[in-house]
Amino acid sequence: MIDFFQITGSSSFAVRAALEEGAIPYTTHNVHPRQRDLPGFAEANPLKQVPAIRDGESTVYETGAILLYLTERFPAADLGPQPGVPGRGDLLRWIVYLANTVHSIHYPVLWPGFLAADETGHAAVQAKGRERFDQVGEFLESQLTGQEWCLGDRFSVADIYLYMLKGWEAYGAGH
């Protein structure tokens, strides 16, 4: 059984959705955002960030890594192409792109204080962040127009991750 460490409203959503979609048994451990001393949490992720999972002796953290781990660990869940199967490279590309690029574009817009301590700089940080949103949005449109899913006609954890990230725009990143 997977031990799943999560905070509601965080990027834990994508992992929970994958666990549910794949009918993978798990136990939820709710981490308080300001009190991260939950038993076992530091062992699952020494950085004490969510999401994190423990699967027996294995621990995995970082949203993209967990999604890929679940895809490989539970092939019957059909969360994406397995290694050596056509489409696997596309899955890897999408997950890494979402983790490295799309996930991070939210911070300047939603939390400009992470990049500019002086509040007078927040508007400029947010404006630059919105420009980046537009660039990423154009790329996503170019890649997904005419497709049902990130991998074409096949649903995968990449779609779950993208759904979560697009949903974050409702919190102020979109315009």
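Residues numbered from 1 in each chain as written. Predicted model: local features only at pLDDT ≥ 70, side-chain atom pairs only at ≥ 80, totals over all residues. Heavy atoms only, no water.

> Can you walk me through the overall build of the protein in this structure?
In terms of helices and strands, the protein carries seven helices and four strands. Each helix (α) and strand (β) of the protein, taken in turn from the N terminus, gives the series β-α-β-α-β-β-α-α-α-α-α. In terms of overall dimensions, the protein is globule-like: its C-alpha atoms have a radius of gyration of 17 Å, near the 16 Å expected for 175 residues. C-alpha atoms of the protein, sized along the principal axes, occupy 50 × 45 × 20 Å. Counting across all 175 residues of the protein, residues that qualify as buried make up 43%. (Helix = DSSP H or I, 4+ residues; strand = E, 2+ residues; numbered from the N terminus. Rg over C-alpha atoms; globule rule 2.2 N^0.38 Å. Buried < 20%, exposed > 50% of the residue type's maximum accessible area, 1.4 Å probe, protein only.)

> Would you take a moment to explain the pairing of strand β4 (residues 58–61) for this structure?
A regular strand places its side chains so that they alternate between the two faces of the sheet. The sheet contact formed by strand β3 (residues 52–55) and β4 spans four bridges and is antiparallel. Bridge assignment links D55 to a residue of β4, and that residue is S58. A loop of two residues connects β3 with β4, the two strands running antiparallel in sequence, and G56 in this loop sits at a positive phi of about 65°. (Pairing = 2+ DSSP bridges.)

> Looking at this structure, how should I read the sheet that holds strand β2 (residues 26–30)?
The strands making up a sheet associate through hydrogen bonds between their backbones, and the pairing can be parallel or antiparallel. An order of β2-β1-β3-β4 is seen for the four strands of this open sheet, with the pairing classed as mixed. Whereas interior strands pair on both sides, the edge strands pair on one side only; in this sheet they are β2 and β4. The average angle at which neighbouring strand axes cross in this sheet is 20°, direction not considered. The sheet contact formed by strand β1 (residues 2–6) and β2 spans five bridges and is parallel. Note that in β2 the partner of F5 across the bridge is H29. Of the strands in this sheet, β1, β2 and β3 touch helix α1 (residues 12–21), which is tilted by about 150° from β1. Contacts from helix α3 (residues 63–73) reach β1, β3 and β4, with the element oriented near 135° to β4. (Axes fitted to C-alpha atoms, helices over the stretch in contact; angles between N-to-C directions. Contact = heavy atoms within 4.5 Å.)

> I tried to follow the nonpolar core on my own but got confused; where do I start?
Proteins that are soluble and globular tend to have nonpolar side chains buried together. If you look at the biggest cluster of nonpolar residues, it comprises 38 residues, and the most contacted ones within it are L70, W94 and L98. Broken down by secondary-structure element, the contributors of at least two residues to this core are β1, α1, α3, α4 (88–102), α6 (122–144) and α7 (157–168). With sequence-adjacent residues up to four places away left out, W94 is seen in contact with L140, Q143, L144, C150, L151 and A158. (Core = buried A, V, L, I, M, F, W, Y, C linked by side-chain atoms within 4.5 Å.)

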